[in-house]
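Architecture at a glance
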Amino acid sequence: FGTAKWNQKDHLEIGGVDTIELAKKYGTPLFVYDVQHIREMARGFKQTFEEAGVKNKVVYASKAFSCLAVYKVLQEESLTCDVVSGGELYTAIRGGMNPRDIEFHGNNKTKSELQMAVDEGVGTIIVDNFYEIQILSEILHTEKKKQEVLFRVTPGISAETHDYILTGQADSKFGFDVASGQANEALSQLLSDDVFIVKGVHCHIGSQIFSPEGFIAAVNIIFDLLNTWKLKMNYLAEVFNIGGGFGIQYTQADTPVSPSEFVKTIIHQVKEACQKNDYPLPEIWIEPGRSIVAEAGVTLYSVGAQKEVPGIRKFVSVDGGMGDNIRPALYDAAYDAVVANRKAESAEKISIVGKYCESGDVLIREIDFPKVTDKDIVALTSTGAYGYSMASNYNRNPRPAVVFVEDGQATLVVRRETYEDIIHLDVPITE
Ligand code: LLP
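The structure displayed is predicted, hence computed values, not measured ones. (Residues numbered from 1 in each chain as written. Predicted model: local features only at pLDDT ≥ 70, side-chain atom pairs only at ≥ 80, totals over all residues.)

On to the site of the ligand, then. The environment of the ligand is formed by 18 residues, the closest being Ser-207, Gly-244, Gly-289, Arg-290 and Tyr-386. Counted by class, the shell around the ligand contains six nonpolar, nine polar and three charged residues. (Near = placed C-beta within 6 Å. Nonpolar A, V, L, I, M, F, W, Y, C, P; charged D, E, K, R; others polar.)

The following block contains the structure:
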């Protein structure tokens, strides 16, 4: 994966840096990101648009992994970003993103978050519901400002991994429903209020999607709508944002489509829909999160206790777990792992479990693995998305550090939490 390879010491090396040296220097658990891989994924999306001559934005979905350093890489690769909270907005701006290049998403942006977005000059707010139209309008009228917005439409498609199902009515907390006419009503309201500059529509059909069919269906539904709005309301969208959700490889069982293939399919479908309806080609925006950072990340853990229940299972415990990767517990997500400090043959079936006080704290339910000891470092692969960003202090375990590696250089980008950090927000006991 990425720039990972075995070096002369038979250690796993990423970005030209020995992961075992990293584990020694920064401790474990440790997130290591291969910056080159992030760049390659970003360029894969970006170049496909550029080669097709289509105006575009590749909007990184911050929720997958956000810290100051990631925004520097995004800017270097001409990506913009989305945020879904005041905290992500704050981080993106502090990370040097131009507020104009930020999209603000969410089904319940608070008044203070919307105020913050308007004050900071956020480029695009993705309006999600009628309540938001009302409170954002109030803020904009008070501030005497105009705001570029997209509005989020729920096309009634739910895409799931290899499959997609067309549902009559979209049972989603996000966006304006199409079937019941909410989307029409939203557009009318937005167009009738001159504080809104309605740049276009947004939809997002799901996450970890492997098949382009869901995207094709979404394009068709949205462009039918756009065509109706063109004819009935004389409205032309300048922007069509199809969201993120491009699948990645967690284990051998996953066979992802490359970023460029997804983008090519989307461009093709949009062009076809435009030709059919004589609709001017809008800018196409996408919002990849996972596909930019997931495979760039590995988590290094130290092996600790082992327990064998004869004939049933062998548990190998590591020094992290659900606090740094909730995905297996939350979604039954599968991961792969290797021993990072030596090349070793698989010898037994084990479960890799964490150190948290819950039976559900399992990182890998079953894997063919080498026999390991407490001298070994285990690397879980493809942990770069929704790992650190969903990390917690459960059991008052400090959250891991994060290191970026590139061209033989390692840079600490998030330091490890300390016990002092853990009690930082607790109000001291007074006598
Ligand atoms: N755009 C919107 C509007 C979204 O809601 C999401 C993800 C994305 C873009 C980015 O999707 P991606 O390209 O990363 O799949 N915590 C879950 C994933 C939740 C995704 C929520 N929305 C996980 O760990 O799998």
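Having seen the model, we can carry on.
Once that is clear, we can look at the UniProt feature "modified residue: N6-(pyridoxal phosphate)lysine" (unreviewed entry) in the chain. Taking the UniProt record as the reference, the feature "modified residue: N6-(pyridoxal phosphate)lysine" (unreviewed entry) is found at Lys-63. Its place among the elements puts Lys-63 in the loop between β5 (56–61) and α3 (68–76). Aside from chain neighbours lying at most four places away, what touches Lys-63 is Val-84, Gly-289 and Ser-389. (UniProt positions renumbered as here; feature names shortened; annotations may be inferred. Helix = DSSP H or I, 4+ residues; strand = E, 2+ residues; numbered from the N terminus. Contact = placed C-beta atoms within 7 Å.)

Here the focus is helix α8 (residues 213–233). Between the first and last C-alpha of α8 there are 29 Å, a value that for 21 residues agrees with the 30 Å anticipated at 1.5 Å per step. Of the residues making up α8, those classed as buried are Gly-214, Phe-215, Ala-218, Val-219, Ile-221, Ile-222, Phe-223 and Leu-226. (Expected span 1.5 Å × (residues − 1). Buried ≥ 20, exposed ≤ 12 C-beta atoms within 10 Å, placed from the backbone.)

With that out of the way, let us pick up the environment of Gly-175. Structurally, the position occupied by Gly-175 is in the loop between β11 (163–166) and β12 (176–177). The class of Gly-175 is buried, set by 24 C-beta atoms lying within 10 Å. Separated by 46 residues in sequence, Gly-175 and Asn-129 have C-alpha atoms that sit 6.0 Å apart. Those residues in contact with Gly-175 that lie beyond four places of it in its chain are Asp-128, Arg-152, Val-153 and Thr-154.

In this section: the pairing of strand β4 (residues 30–34). In terms of burial, β4 is largely enclosed, as five of its five residues are buried. Burial of the side chains of β4 extends over both faces: Leu-30, Val-32 and Asp-34 are buried on one face and Phe-31 and Tyr-33 on the other. Of the pairings in the sheet, the one linking β4 to strand β16 (residues 297–309) comprises four bridges and is antiparallel in character. When the bridges of β16 are listed, Phe-31 appears paired with Thr-299. Here β4 pairs with strand β22 (residues 401–406) via five bridges, running parallel. (Pairing = 2+ DSSP bridges.)

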